[in-house]
Each structure stands twice: as structure tokens, then as C-alpha cells.
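Structural description and commentary
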Number of protein chains: 2
Amino acid sequence: MFDHHATFQRAQAACASRECWSPYPEMPRLYPDAETAAPRGEAAFQAMLGKPFALDLPGVTGWVGEEVSPYRQAPLGITYPQADPQALFAAAKAALPGWAAADIDTRLMLLMEGLDRLYARLFTLVPAVMHTAGQSYNMAYAGSGVNALDRGIEALVHAEQAMRSVTPRAEWTRRFGRDEIRLDKTYRLIPRGVAVCFTCASFATWNAWPSMLASLATGNAVIVKPHPASVLPMAITVQVFRDLLAEQGFDPNLVTLCMDTVADPLGKVLIKHPDCAIVDFTGSARFGQWVEANAHPAIAFTETSGCNTVVLAGAEDLDAAVRALATTMSLFSAQMCTSPQNVYLPPSVDTPDGPVPRDVVAAKLADAIAALTQDPRKAAMILASVQAPQTLGLIQWVRDQAKGRVLLDSRAYDHPDFPNARTATPLLVQVGKEDRDLYAEERFGPIGFVIDCDSSEDALHQATEDARLNGGITGFLYARDEGFITRAEAAYARAGAQLTINLTGAMPLNFAAAYSDYHVTGLNGAGNATLTSLAFVASRFAVTQSRRPTRTHD
Amino acid sequence: MFDHHATFQRAQAACASRECWSPYPEMPRLYPDAETAAPRGEAAFQAMLGKPFALDLPGVTGWVGEEVSPYRQAPLGITYPQADPQALFAAAKAALPGWAAADIDTRLMLLMEGLDRLYARLFTLVPAVMHTAGQSYNMAYAGSGVNALDRGIEALVHAEQAMRSVTPRAEWTRRFGRDEIRLDKTYRLIPRGVAVCFTCASFATWNAWPSMLASLATGNAVIVKPHPASVLPMAITVQVFRDLLAEQGFDPNLVTLCMDTVADPLGKVLIKHPDCAIVDFTGSARFGQWVEANAHPAIAFTETSGCNTVVLAGAEDLDAAVRALATTMSLFSAQMCTSPQNVYLPPSVDTPDGPVPRDVVAAKLADAIAALTQDPRKAAMILASVQAPQTLGLIQWVRDQAKGRVLLDSRAYDHPDFPNARTATPLLVQVGKEDRDLYAEERFGPIGFVIDCDSSEDALHQATEDARLNGGITGFLYARDEGFITRAEAAYARAGAQLTINLTGAMPLNFAAAYSDYHVTGLNGAGNATLTSLAFVASRFAVTQSRRPTRTHD
């Protein structure tokens, strides 16, 4: 029995106040014994390359692995056991009763320990994320590392809150006619069953850890179905939890891995399996919509795509606003579900020095992005690499469509550490608001649009309508008029996108803080995995009861 | 602004402890000024008959009404405005912003007031329920009246808990490099939109009131779609809430009524309307399954049918157990979703006087039902009337199928107050466990099965498998062996049915107490409307946020 109660209580307080807090230091240099831990972790990663991954699973039928490092554009050469889905479900079901019978505190503390053990392997997870997702070192450490761990704790806090709202026992007495009926009632929390957690290629852990922990905390088993291009971070996760569960006397088959390949996907097989009770899905809008419409009787939590919008109506410091936008539109080559894509501009932008014409603002944005990405070392830190080769094709397609309206062209840049890295600087094109075919959906990767609008109100209307109709996760607003800001807050709330207003400075505009920032809302097509609200956890278990006359001991 | 805080706080305590409590006296004679209130309410009901119902709705295209009193087998003659669904959705959407903007406390206290106003009209609702659902006076008062009001309050308590778990504001400060970023964050609870509440013919208010209040408390609008055979209780409900909303300056179109007819049902039109965001459904398993599979993108809360099981393995007082079973199997002619239907019997039943052979037990049960229903006055109180004429056909069909194995035949009984009442005493047939075509689904109405099993363990296995596979809401166990009871508790929990053990005496076995007993679990096909857990409320609203740098006022 692990004792992480002090940390857990602090996390409960943070979830209530939604202030800034984390038990994990946010900088690699603050990691305990960073100087030895970092090279040791990196060496462990290197030792995994070109070999079968050490993972024991039920029903293994073969070994597969097709990961290619975006930095090296060479296969990692790691193979993973491919297990028969039927065997995974059977093993998970067999594992459930013991886990469901464990008390809430035992489960929560074991899962807190699991997060600590992932933290202990963070310097192995960092290169694993880099060489699958293509993230920078810092993003792999912070975003896919400590921030994702925090989201896991946050899921545990909410799971605890939902479970504790059901008393385990009650005494109930009422008169019926001449009889006084006294009943002892027992309430049980019954996990829904086997959860399937689909993880994406570019940011697996951040969605996976809270989803997995929400399911596990409420007593379910989890089959992890990683994107074939980004397996290693999830394989390490599964390994850590399986080892921990076995060590603590639980069945390790509560957490398993289901490998598939791009050529032979197994997603629909898993979702349509009669024992699939919960689906957590992060991935494409197309498959995500299929999941949402077909998961029943399983419940589904989804995050698909973000058509993320920026309304730039005015700014106290236009250059600072443009710099912040340029940085965030470049960050990880805009391969985050929260990356801004569409910048809606009125004919002129309101500043303390008077209105600035749209074309000047658009040029400033293009210049700011160009400046950020000119120096390869700086570009490497911000842009990192491009996860999927298809993204380069998409850039070319948008470039072709937008001919004559390219504000800033995309090009490969030379990564200072990885000469073979797949890279692309952002493409920025200017379009009319009628060009919805081009901009009114997520164009995943370093692709941005400047959209000419009739006025600030029109820009706000277009942006929030696109978010509402096409699934916006985040929205960004720069404006000087407080009345306009108030209207924008209401419009973005109705559209279901999380809004950041007038932010400049060193914080990435799309930074989502665990314990504080909510994620997708369920109000538009971007999905419903709010990470973490009560709605994200409360239906992962059911309440059953038994009642019987109170037995008197006399 | 209404002040029902003291009652609400008491309800919160009851939901936490799940002890017995209600703000509403449970007996008609304890109603304030019952002697004048009762005849006044009854007169108001009589005055409604044969007339258009006074309800103003948007988009009215005609007047319809096809209710027939099960007691008089004559039309009520009440017509209701039939509104165009498109107009109802449009009006509901237009009404949403003002309601969503009201603070939580304002909404909760207004809805508490609404329940009090329904209570004020209880003696009109009682005959309305009797002459649509066919319930007895006492059941209409208690089950469809005060108990349903309590379930409404319970929904408000849980809605409040889910909403309060999100702080409205936060201050968040973190260092990014050299910058200290200070953000003010505002969190908004955004209702999902327009809810459609389908109510059933036999027990409308008990599911409708908590569903409606869960949606309204979280800021949504509600279109009530009553079963065409049981409109009046819901029309009164809609009238009460519309009047109250308008009186308090809110748009009455937050609560509307959508009439349809048996010949021209509108259910699918409502569910497939693009603005349908929430579905609460009580009704048939067949349409319920369609709802669950097709409601997306709306979320669905369902209660369909109950294949409710009894395992009678042993009893300290066999006659008392059999009497309790006979009463509950007869109550409201078994037209409750919680009515026991299938009695699984081992070859002999364990009693302090030794084993009692199955056929003796089966005969005792038939005799006990016969005894209860012999005296018409007693029969009327227990059996009441049969809601739907089709139920008589179903009784005939089962009788035909079971020929030679009828333990107790069904017959009409003469209702002492209503000579034309549609009545039927219970049909009890004995079947083998292989006769699943006959008993392994809900046979709605006064139809019971005694099922021959190989042993007590076999009886438990059959019963819980039938509950799991065919949607059990309730389960009932009589047994003397504590080890067997423990196994049965676990098996029923896995099957997802709420279990009552060894209960005898004056309390109906299937009585479900507000603030204390949970309803369907979502673990089997009977639905997921737990009435009320956090899962029943938490996804009825979304959380959106806006954040901006803290403005210093200096």
C-alpha cells in the first residue's frame, strides 16, 4: 500500500482552486540527480532500438513495429508483441474482479505510484516521444512528460470525487402502515468493464494518461491501442503499469497493449467487440466521428481535431501580439490539437497608434514567423520535426490551392542535431472568407491562414461559427474594446472553444495547465474529453445496491 | 428569488447519508388542509375533461388528444395544442441564453418552487394519473406524486454538486523563463442545449420530473414528449413550469410540450433534429434501443424494460416471503419497471421446518395472489387497472403459449368504484428454464413465471444471466445461507440489477426511495438513468473558460 496521500490532497486543492501547482518540477535541470538520470535514461532508450520490446502479453500472435524517427527518417527497429484482441479482452475481463474489489484508496495510491514510476523513467520517455512524435526535447519533457503526469493525477482527483459521492452504506427506516421497515443498504461501484484507449501519433501520453487513469481508478481494465507510428511511449507506459500491478498482487492484464499496423488496422474490431465498455479516442476527425456514432453500447470520450481560430481586432502592443501568435503557430510545427490555424482579420487592426491596415498586420505575422524560423537552432527548438510524411504533401496541396496568396512559404530547415530530420517551416496563406473549403477544417501541420473579414464583428462571427461547426478546441482573441471582449467571451463559450485573450510574452498561447485549464467541451465536433471534469469520470462506473432488513443482534 | 435553501440543504444531507427523508408528507391525509384541497383538486380535474387544455405554445398547428381512462374505458376528451417540432426547438433555443445566464442558485430555487407548485396541484395530478396510467389513488398520490417530487429534488442536489465542482474563477501564476505570467481565468457552465424528455404511459412523472429538473438545473431547455395515452400529468407539469418561468421573467419556452399521436409518432423527428442535445427516454425496449444507438450527437439517458428476477432459495418465514412476493407481483398489475416477473425456484426451498418442494411453493404463491385479488375492494387497491388494451392480448398470448402449465389464471375483476375499469388479475405460469422465448424478456403487465431450476445455485445463475442479458432493473432474493447471499449480491451487482434481500412485511418489495435507492445502472439493457447519480447530471453541461492576463489597477 503506497502512501501518496499528501500529494493527492494537494492535488485536490489545486483542482478546486485551479491555481498553478505541480508535484513535478517543470524543468529538466530540476529533476532529481538530473546529471546522471538524463544520460542513464537516454542510454536505456538507445538500448531498446532495433530489438523486440520486453513486454509479456496474453495471446501473442506475432511481433510488429513500424516506427520511423521523424528526426532520423530511419526505422527505430523496435518490434512489439501483437496480441489477439479476443485474448486481450478475455484476459482483461478475467483481471477485473480483483481490481474492482480493491478499495478506492488502494487503487488511487497504486495509480499515483504508477505516475511516479513513469516520472522515474522520464528521461527514457523523452527520446521515445522525440523519435516517434517528433517533438522537441523540451516539449517531450514538459508537455508529454510532467504536464501529462499532472493530467493523470487530475483524473484521479476527479474519479475520487465522483466515487466518494456515493456512500458505501446507509441505514434507512420508514413506517409503512403499522410496520416499521429498517433496511441496511450497501452500495457498490461497479466498473463498466474493459476500456480501449486509442492514442495518437503526435501527442500520445497527454491524452492517454488521464484517460487510462480515469478508467483504472474507477475499477476498469484498459487495452491501449497506440497509433502504429508512435508506440514506444505507450509501450513503456503499459510496461510500467503491468509491472506495478503484478508487484502489488493484481493481475497485470488490467493494462495491455494492442498493436496493429497501418495496413491492417484493428480499431473497429476493438470498438465493436462485445466486451468493449469504454472508448477513449484521440485521433483523426474522420475515425473519431465513426467512433462517436458507433461506440454504443460503449461510452466514448473523444478528442479529434481542432479548427482553432484567432480574432485579431486590436492590440495594445501589436508587435508583441504578433510575436506571440507567430511563436504559437510555429510551436511543434502546429502539430498540437490546440495550435492556432486561422487568423481572422478585419480591414484594420485597432492599436494605440491608430488603425493598422490588414495587409500590414498579415505581413508582420509572416515576418515574425520567418524571423523565428530563420536560425536553425531556434527553429529546431520551436518547430521540432514533422511527425508524418503526409503532412508535407498536405502543405504542398494547400500551397497549390492558394497560389498567388502565399504570405510565407514553407521550406525544410536544417536541423542542427539531426541532418535527416523531416522538417517544414510554416506555410502562411491569405484567403477570403469564402474560401471555406481551404481553411474551415483542421489542416494538420505547419499551415496557417489569414482570413480577410469585413469587420471585427464579422471576424468574431466567422471565427466562432467555424469553431462551432468544424470543431474548435482553442480560440485566441486580441482586442482593446472591453465590450467586444465580453461579446467574444460569450460567443466562444457558445462555440465550445477555450478562449485566451490578449496574452503576450513567454507562455505559449495554447499552453494548457493541468488542474486549471479544461480541454475540449463536447459542444462542437472536436470531441468531449474535457480532461478532467466530473463528466469525464462519472459514467466510467455504475452504482448498484443491495438492501435487506437490519439484523438485530440480541 | 425563492428561498428554499433550508429544504435544499436537508435534501443534500439525505443524498449524502441516503437515509429516509422527504419534505412532503407521504399520506394524503397529512396534506395541508387535505379535507378541502382534495375535493378542490378533483374538481379541477373534472373541469378539464372534454375541453381543450389551457396551454399556450409556439407553433401550434392543431389540437389532438386520444387519452382513454383505463377506469372508465371512455375518452377523457381533452385536447392539447400540437406544436410543430421545428417551432419548439427554435423557441427553446431562443429561450436558452437568459436561462443559462441565470446563476445556479436562482435556477435551483426556481425549480424547487416549481416542485412545490406541483405539490400544490397534487390533488389534480392524482386523478390525472389515475385516468391515464390507471394507477390506484394511493399509488398516484405517493409514487407518481410525492416520491416523484422527491426524485426531482434529488436531481437538483446532484446537479448542484456537479456544477459546484467547477470554480467560477481562478488566479493562476507561473514563471515561463524570465516572464511571470499571471492569468485571470473565468469558467462558464454551458448547457448542452435542448433536451427532449420522453415520458411513458404507465408512470410518467417519476422518471420525467428528475430528468426535466436535471436538464433545467444545468441550464438547458426541455421539450416534453408524452406518450399519447398519458398526456395530462405532463401537460399540467409543463403548464406549472411555464407559468412559473414567465412569472419570474424567464422565457416560458424553456419548457414546452410536443404532442404526437399513436398513428403519427414524432419521436424520431425530435431525436434526429440537429438541435436535440439531450434525450431522456422512458418507454419500450425496442424504441429505447433505437434511441441509444441513434441519439448521437445528443447524449441519452434511458429506462426501457425490466426483466426482473426473484431467486427463492430459502426463507425463515416462507409464508411471509410468499405474501410479500404475491403483493409486489400484483401491485399496479405489475405495470412498474421494477415489478418482479420471473421467480426462479430450486427443486426445494430451504426453511426452518425443512425443505419445501418446489410445487408446494409455487402453489403457495398462486394461492397468495388469488387471496389478495379475491376481494374486489382489496384487488382495486393493489391491482388498480390495466393501462393499455394490448396488455390483455399479451396475457392471452402467454396463456396460449403456456397451456397446461397455468398455476393461476388471469381474469377481469369487478372494480368497486369503476364498473367499466379495464382489469386483470395476475396470470402465473410454470415453465422450464429452457422456455426462454416465453420468460426471458419483459412481459409488461400482470404476468408472472415460476421457472424450474436445478438447484439454488442454478436459480441464481439463471436469474442473474437473464437480468444481465435482458435488462433487469430489480432483483429479489430469499435465502437463509449467508454464503449464498454474499454470492448473490456479487452476481446481481455484476448483472446490474438492484437487489432486495429477505424483505417481508408491508413495504412493497420494489419500493424505490428517493435520496436512497439508485435506479437503473447502465450495466445491462434496461438503461442508464440511475436517478440520480453524478453521471445522470454531469454531462448535461459543458465547461468553457476564458483566460487573460491579470489587469493591475494602479
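Residues numbered from 1 in each chain as written. Chains lettered and ligands numbered in written order. Predicted model: local features only at pLDDT ≥ 70, side-chain atom pairs only at ≥ 80, totals over all residues.

Focus on helix α17 (residues 482-495) of chain B
The periodicity of an α-helix, 3.6 residues per turn, causes residues three or four places apart in sequence to face the same way. Here α17 of chain B is 14 residues long and its end C-alpha atoms lie 20 Å apart, about the 20 Å a rise of 1.5 Å per residue gives. All buried positions along α17 of chain B are accounted for by A488, E489, A491, Y492, A493, R494 and A495 of chain B. Packed against the buried residues of α17 of chain B are β4 (179-191) and β19 (541-549) of chain A together with β10 (309-312), α16 (456-470), β17 (474-478) and β18 (498-501) of chain B. Backbone geometry just after α17 of chain B places G496 of chain B at a positive phi near 80 degrees. (Helix = DSSP H or I, 4+ residues; strand = E, 2+ residues; numbered from the N terminus. Expected span 1.5 Å × (residues − 1). Buried ≥ 20, exposed ≤ 12 C-beta atoms within 10 Å, placed from the backbone. Contact = placed C-beta atoms within 7 Å.)

Thoughts on the sheet that holds strand β9 (residues 299-303) of chain B
The strands making up a sheet associate through backbone hydrogen bonding, with each pair oriented either parallel or antiparallel. All names here are of chain B. Reading across the sheet, the five strands line up as β7-β6-β5-β8-β9 and stay open at both edges, with parallel pairing between neighbours. Either end of the sheet is taken by a strand with one partner, and the two such strands are β7 (255-257) and β9. Averaged over all neighbouring strand pairs, the angle between strand axes comes to 15 degrees, with direction disregarded. In the sheet, strand β6 (residues 221-226) pairs with β7 via three bridges, with the strands oriented parallel. When the bridges of β7 are listed, V224 appears paired with L257. (Pairing = 2+ DSSP bridges. Axes fitted to C-alpha atoms, helices over the stretch in contact; angles between N-to-C directions.)

What to know about the domain arrangement of chain A
Residue and element names in this part refer to chain A. Per the domain assignment, the segments of chain A are domain 1 (22-302 + 529-545) and domain 2 (309-501). Put simply, the middle of domain 1 and the middle of domain 2, counted by C-alpha atoms, are 33 Å apart. Each side of the interface is counted separately: domain 1 has 15 residues, and domain 2 has 16 residues. Of the residues belonging to the side of domain 1 that touches domain 2, the class tally is eight nonpolar, six polar and one charged. (Domains from an automatic or database assignment. Nonpolar A, V, L, I, M, F, W, Y, C, P; charged D, E, K, R; others polar.)

With respect to the interface of chain B and chain A
Residue-level contacts link 60 residues of chain B with 59 residues of chain A. With eight residues, strand β19 (residues 541-549) of chain B is the single largest residue contributor to the side of chain B that touches chain A. Along the lines of polarity and charge, the residues of the side of chain B that touches chain A split into 26 nonpolar, 21 polar and 13 charged. When β19 of chain A meets β18 of chain B, the two strands line up parallel, connected through two bridges. If you follow S546 of chain A over to β18 of chain B, its bridge partner there is L499 of chain B.

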